Amino acid sequence: MSKKIKLSNETFLDTSSVIHDGIKLNTYLNSKIIETGINDNGRYEKYANGMLKCYYTQTISTAIKNSWGSLVITPVIQLQDYPITFKAITSLNMNVVGTTASAWIINAGDFTLYRPCPIQLCAANPINLPNDFRISVCAIGTWK
């Protein structure tokens, strides 16, 4: 189904044929945000075309000292739930910032599940004292 837009000269145009920056205009019109929300688990944006984006930041206090070859890792960490339920997840971006040490995230599970995948933090050297690591998550998928 195509949408019609009214131009200032009173003509109507079928938006399915209009392309702007390589994107059909009706695709753009169908991708507007229809709902946003914030709760204890983060924030989300629902789009008219069925896309869902969820964002949150979680702080984890842990030591990184279990041997993994020449590196060290944490036990498996289950992240908190998303602020709203996905029908399916198509993309997941996570990053970590340490307050007193550096680490990176290794994936310990399947990100296509409806909740965040379990992760492990990895470092080059043991970090024996508990340290705070801030995990930022952006998940994109569908709500319908």
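Reading the values: the criteria
- Residues numbered from 1 in each chain as written.
- Predicted model: local features only at pLDDT ≥ 70, side-chain atom pairs only at ≥ 80, totals over all residues.
- Heavy atoms only, no water.
- Pairing = 2+ DSSP bridges.
- Helix = DSSP H or I, 4+ residues; strand = E, 2+ residues; numbered from the N terminus.
- Axes fitted to C-alpha atoms, helices over the stretch in contact; angles between N-to-C directions.
- Contact = heavy atoms within 4.5 Å.
- Polar contact = N/O pair within 3.5 Å; in protein donor to acceptor, adjacent residues only side chain to side chain.
- Salt bridge = Lys/Arg side-chain N within 4 Å of Asp/Glu carboxyl O.
- Buried < 20%, exposed > 50% of the residue type's maximum accessible area, 1.4 Å probe, protein only.
- Core = buried A, V, L, I, M, F, W, Y, C linked by side-chain atoms within 4.5 Å.

Let us look at the sheet that holds strand β10 (residues 88-98). Taken together, the five strands give an open sheet; going across it, the order is β5-β6-β7-β13-β10, and neighbouring strands pair in antiparallel fashion. In the strand order of this sheet, the two ends are held by β5 (33-39) and β10, each with one partner. For this sheet the average axis-to-axis angle between neighbouring strands, irrespective of direction, equals 20°. As paired strands, β10 and strand β13 (residues 127-142) are joined by 10 bridges and run antiparallel to one another. Bridging from a neighbouring strand, Met94 pairs with Val137 of β13.

This next bit is on the environment of Lys144. Along the chain, Lys144 turns up in the segment after β13. C-alpha of Lys144 to C-alpha of Leu52: the two residues are 92 residues apart in sequence and 8.8 Å apart in space. If sequence neighbours within four positions are ignored, Lys144 has contacts with Ala48, Asn49, Gly50 and Lys87. At 3.1 Å, the side chain of Lys144 forms a polar contact with the backbone oxygen of Ala48.

So, on to the pattern of salt bridges. Applying the stated rule across the entire model yields two salt bridges. With a closest N to O distance of 3.8 Å, Glu35 and Lys46 form a salt bridge. Placement of Glu35 in strand β5 and of Lys46 in strand β6 (residues 42-47) is noted, with a sequence separation of 11 residues between them. The exposure class assigned to Lys46 is buried, which follows from its relative accessible area of 15%. A salt bridge links Arg43 to Glu45, with the shortest nitrogen-to-oxygen separation between them at 3.4 Å. Assessed through its relative accessible area of 38%, Arg43 is described here as partly exposed.

Right, let's talk about the environment of Asn131 for a bit. On the secondary structure map, Asn131 appears in strand β13. Leave out the neighbours within four places in its chain, and Asn131 touches Ile60, Ser61, Thr62 and Thr100.

Spatially, the four strands line up as an open sheet ordered β8-β9-β12-β11, and their pairing is antiparallel. Both edges of this open sheet fall to β8 (66-68) and β11 (104-107), since each of them pairs with a single strand only. Each strand of the sheet is rotated relative to its neighbour by a mean of 40°, with strand direction disregarded. With two bridges joining them, strand β9 (residues 71-73) and strand β12 (residues 119-123) adopt antiparallel strand pairing. Among the inter-strand pairings, Ile73 is bridged to a residue of β12, identified as Cys122.

Moving on, we come to the side chain of Lys53. Tracing the backbone shows Lys53 in strand β7 (residues 51-64). When residues no more than four places from it in sequence are discounted, the contact partners of Lys53 are Arg43, Tyr44, Glu45, Tyr47, Ala139 and Ile140.

Inspection of the sheet shows β7 paired to β13 by 13 bridges, in the antiparallel sense. Note that in β13 the partner of Thr62 across the bridge is Asn131.

Looking now at the nonpolar core. Where a protein is soluble and globular, its nonpolar side chains tend to be buried together. Counting residues in hydrophobic clusters, the biggest one holds 25 residues, and the most contacted among them are Ile64, Leu79, Tyr82, Leu121, Phe133 and Ile135. At the level of elements, β7, β10, β12 and β13 are the ones that each hand at least two residues to this core.

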